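The residues making up each chain are set out below.
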Amino acid sequence: MTTIDPAALEALRAWDTPTICNALEVVVPHRRATGFTVEPLHCLAPGLKPMVGYARTATFRAFETSPLPPDAVKAKRDAYYEHIAAPPGPTVVVIQDLDPNPGFGAFWGEVNTAIHKGLGALGCVTNGSMRDLDDCAPGFQLLAGKVGPSHAHGHIVDFGGQINVAGMTVNDGDIVHADRHGAVVVPREAVAKLPTTVELLTRREAVILAAARSEGFDIDTLKRAMADSAEIH
């Protein structure tokens, strides 16, 4: 897996996920209508900075016990944690809950947020559930499909492949940007281009916003501002 300059990833945390989506529409226009979550997710800590990192993907079930023998379940769990800890980092865990009723049991709570934070993960995006909301590791972000009280028969089914969470298809190793709004997969070739594109879009929007907030704003003012904005390159 080719790695990206950690400073380039950290730089993207300066902007929220909607802003990153806006910039991606310019940098990779064919991705305008794909690659982001489209279903609502509950955010554990809305005040945290966006998280940006390498995806570590997995699938999970909790409605029934694992069909594997106990030794195999333990081996799978250990291998999963080794995968989470493997470089490069930082990482964003993305877990698809495969149960018919996703979130029947929670993988995420006090213990797993502490473990994953210690292994270098910034947080997780999942269609499953979270619990222990007051006791989750400080600074660890969770975007989850629901909140629930129990972990039921929770177990990792597999890890490291392609999954789909809340309408977003993710491959292990993809770059994921996420905050309280949702998440988006950032193509590797777009990472370095996003800061200058965000700056351009910000300057264009500033013209329209200034006009919209001005005294005497009307449709003619709007048309002039939109024309002026379009001339900014």
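Residues numbered from 1 in each chain as written. Predicted model: local features only at pLDDT ≥ 70, side-chain atom pairs only at ≥ 80, totals over all residues. Heavy atoms only, no water.

What about the nonpolar core?
Core analysis: the largest hydrophobic core is formed by 19 residues, its most contacted members being Tyr80, Val93, Ile95, Phe107, Trp108, Leu142 and Ile156. Of all elements in the fold, only strand 2 (51–61), helix 3 (70–85), strand 3 (91–97), strand 4 (106–108), strand 5 (121–126) and strand 7 (141–144) reach the threshold of two or more residues within this core. Tallying contributions element by element places helix 3 first for this core, with three residues. (Core = buried A, V, L, I, M, F, W, Y, C linked by side-chain atoms within 4.5 Å. Buried < 20%, exposed > 50% of the residue type's maximum accessible area, 1.4 Å probe, protein only. Helix = DSSP H or I, 4+ residues; strand = E, 2+ residues; numbered from the N terminus.)

Comments concerning the environment of Leu41
Residue position: Leu41 is located in the loop between helix 2 (17–27) and strand 1 (42–43). When the C-alpha atoms of Leu41 and Trp15 are compared, they prove to be 19 Å apart, with 26 residues separating the residues in sequence.

Structural notes on helix 5 (residues 194–212)
In this model helix 5 runs 26 Å from its N-terminal to its C-terminal C-alpha over 19 residues, within 8% of the 27 Å that 1.5 Å per residue would give. Looking at helix 5, one finds that the buried residues are Leu194, Thr197, Val198, Leu200, Leu201 and Ala211. Of the surrounding secondary structure, the elements contacted by the buried residues of helix 5 are helix 2, strand 13 (182–186) and helix 6 (219–230). (Expected span 1.5 Å × (residues − 1). Contact = heavy atoms within 4.5 Å.)

As for the environment of His30
Here His30 lies in the loop between helix 2 and strand 1. When the C-alpha atoms of His30 and Pro100 are compared, they prove to be 32 Å apart, with 70 residues separating the residues in sequence.

What to know about unusual backbone geometry
In this structure, Pro88 follows Pro87 across a cis peptide bond, with omega equal to 0°. Residue Pro90 follows Gly89 across a cis peptide bond; omega there is 0°. With respect to the helices and strands, Pro90 occurs in the loop between helix 3 and strand 3. Located in the positive-phi region is Ala152, a residue other than glycine, with phi close to 50°. At Ala166, a position not held by glycine, the phi torsion is positive, near 55°.

A word on the pairing of strand 7
The two faces of strand 7 match: Gln141 and Leu143 on one face and Leu142 and Ala144 on the other face are all buried. Note that strand 1 and strand 7 share two bridges and pair antiparallel. Along strand 7, the bridge assignment pairs Cys43 with Leu143. (Pairing = 2+ DSSP bridges.)

Thoughts on the packing of helix 3 against helix 4 (residues 110–118)
Where helix 3 meets helix 4, the axes come as close as 9 Å, and the angle between the chain directions of the two elements is 45°. Classed by the angle they form, the pair helix 3 and helix 4 counts as oblique. Contacts between helix 3 and helix 4 involve Tyr80, Tyr81 and Ile84 from the former and Asn112, Ile115 and His116 from the latter. By residue class, the composition of the contact of helix 3 with helix 4 is four nonpolar, two polar and no charged. (Axes fitted to C-alpha atoms, helices over the stretch in contact; angles between N-to-C directions. Parallel < 35°, antiparallel > 145°, perpendicular 65-115°, else oblique. Nonpolar A, V, L, I, M, F, W, Y, C, P; charged D, E, K, R; others polar.)

Thoughts on the packing of aromatic side chains
Note on aromatic pairs: each is described by the distance of the centres and the angle between the planes. For the structure shown, the criterion picks out seven aromatic pairs. On the basis of an interplanar angle of 90° and a centroid distance of 5.1 Å, the ring pair of Phe107 and Trp108 is categorised as edge-to-face. Taken as a pair, Phe107 and Trp108 share a single burial class, namely buried. Put simply, the rings of Phe60, Tyr80, Tyr81, Phe107, Trp108, Phe140 and Phe159 pair up and form one aromatic cluster. (Phe/Tyr/Trp six-rings, centres within 6.5 Å; stacked < 30°, edge-to-face > 60°.)

Re the pairing of strand 3
For strand 3, a buried count of six out of seven residues is recorded, marking the element as mostly surrounded by other parts of the structure. Inspection of the sheet shows strand 2 paired to strand 3 by seven bridges, in the parallel sense. Bridge pairing links Ala58 to Ile95 in strand 3. Crossover handedness for the path strand 2 to helix 3 to strand 3: right-handed. Of the pairings in the sheet, the one linking strand 3 to strand 5 comprises five bridges and is parallel in character. Along strand 5, the bridge assignment pairs Val93 with Cys124. (Right-handed = clockwise from strand over helix to strand, strands pointing away.)

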